[in-house]
Amino acid sequence: MSKTVLLSQVKPGAHNDSVLVVQKALAAAVGLDSSSGPGVFGRLTQDAYARWQRHLGFSGAQADGIPGEVSLKKLGDRFGFKVGPDGHQPPGGRVVSPVPKHHVTYPFGVKNPRYKAGYHTGDDYAAPDETPVVAVRNGTVRWSNDNGGAYGRWIGLQADNGRVYVYCHLSHRGADVGQSVKAGQRIGKVGRTGDVTGPHLHFEDHPAGPFVYAQCRKPSW
Ligand SMILES: [Zn+2]
């Protein structure tokens, strides 16, 4: 029977059986002396995971040693484990908020000369650093990088309704480009990267296609 690894359990600082399974695979794939801390995701494990990501052709922030679904599934395919559901998926229900249990604290459309468009181009969800953010619908990750400028670390989700939802100011990105995600699945964490005054998710709703600033509507999904 093959083992199941949960993506949400394989991250720096974690200590559990999923980490142990991944360490064994990394030992075979790229060399890892897991005797230094079996089951503990420490610096050596993160370095080894980064080698695996580079082996897959990732670079830069995509090879930061923090597992994403694509790289973890490829490791599992090769070394005999499955990547299980994360358990954050609602049972077919609509996702209420991109930041579960948090609501809009500064809405779309407020006029403010601070913004180039002259108004606030998204909904803000103030929440503590590291609060999980989730996909509002099923979809595919179109971009996931640290190059959003004022938007900071950001993710663009191409959703199954034809819209692109943009998650900004993240502290951590938990989804890779090209990854399929389910409504309710965790894809990152609230942060304060880019131009912010405090931790929050700035959330935008765009038409499909390349990102165009202020080509957006009041977010709905
Ligand atoms: Zn905002």
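The residue numbers shown here count from 1 along each chain, following its written sequence. For this predicted model, a pLDDT threshold of at least 70 governs which residues receive local features, and a threshold of 80 or more governs which side-chain atom pairs are given and counted, while totals over whole chains, interfaces and linings are taken from all residues. Each side-chain value is derived from all of the structure's non-hydrogen atoms; neither hydrogens nor water enter the calculation.

### Focus: the packing of helix H2 (residues 43-55) against helix H3 (residues 69-79)
Quick reminder of the rule: Simply put, an axis is a line fit to the C-alpha atoms, just over the touching stretch for a helix, and the angle between two N-to-C directions goes from 0 to 180 degrees. Segments assigned H or I by DSSP are reported as helices when at least four residues long, segments assigned E as strands when at least two residues long, and all are numbered from the N terminus. For classification, angles of less than 35 degrees are called roughly parallel, those exceeding 145 degrees roughly antiparallel, those between 65 and 115 degrees roughly perpendicular, and all remaining angles oblique. The contact criterion used is simple: two residues touch if any of their non-hydrogen atoms lie within 4.5 Å. Three classes are used, and their members are as follows: Ala, Val, Leu, Ile, Met, Phe, Trp, Tyr, Cys and Pro are nonpolar, Asp, Glu, Lys and Arg are charged, and the others, Gly among them, are polar.
One can describe the packing of H2 onto H3 by two numbers: an axis separation of 10 Å at closest approach and a directional angle of 90°. Relative to H3, the element H2 is oriented roughly perpendicular. Across the interface between the two elements, Tyr49, Trp52, Gln53 and His55 of H2 pack against Ser71, Leu72, Lys74, Leu75 and Arg78 of H3. Looking at side-chain class alone, the contact of H2 with H3 contains four nonpolar, three polar and two charged residues.

### Focus: the pattern of salt bridges
The condition is simple: We define a salt bridge as a side-chain nitrogen of Lys or Arg found within 4 Å of a carboxyl oxygen belonging to Asp or Glu. The cut-offs for exposure are 20% and 50% of the maximum accessible area for each residue type, with area from a 1.4 Å probe on protein chains only; residues under the lower value are buried, those over the upper are exposed, and the others partly exposed.
Evaluated as defined, the whole model comprises 11 salt bridges. In this structure, the salt-bridge partner of Lys73 is Glu69, at a minimum N-O distance of 2.9 Å. Of this pair, Lys73 and Glu69 both sit in helix H3, four residues apart, roughly one helical turn. For Lys73, a relative accessible area of 37% translates into the label partly exposed. Linking Asp205 and Arg217 is a salt bridge whose minimum nitrogen-to-oxygen distance equals 2.8 Å. With Asp205 in strand S11 (residues 200-207) and Arg217 in the segment after S11, this pair connects stretches of sequence that are 12 residues apart. Classification of Asp205 as buried rests on a relative accessible area of 0%. On the accessibility criterion, Arg217 (33% relative accessible area) is partly exposed. Within the structure, one salt-bridge network assembled from shared partners comprises Asp146, Arg153 and Arg173.

### Things to note about the nonpolar core
Stated precisely, the cut-off is as follows: By nonpolar core is meant a set of buried Ala, Val, Leu, Ile, Met, Phe, Trp, Tyr and Cys residues that side-chain atoms within 4.5 Å join together.
By size, the foremost hydrophobic cluster in this structure holds 23 residues, and its most contacted members are Val133, Tyr167, Ile187, Leu201 and Phe203. Elements with a contribution of two residues or more to this core: strand S4 (132-134), strand S6 (154-159), strand S7 (163-168) and S11. Setting aside chain neighbours within four positions, we find Ile187 in contact with Val133, Val134, Ala135, Ile155, Tyr167, Arg173, Gly174, Ala175 and Val181. One finds Val21, Leu26, Ala48 and Trp52 within the second-largest nonpolar core, a separate group that totals 18 residues.

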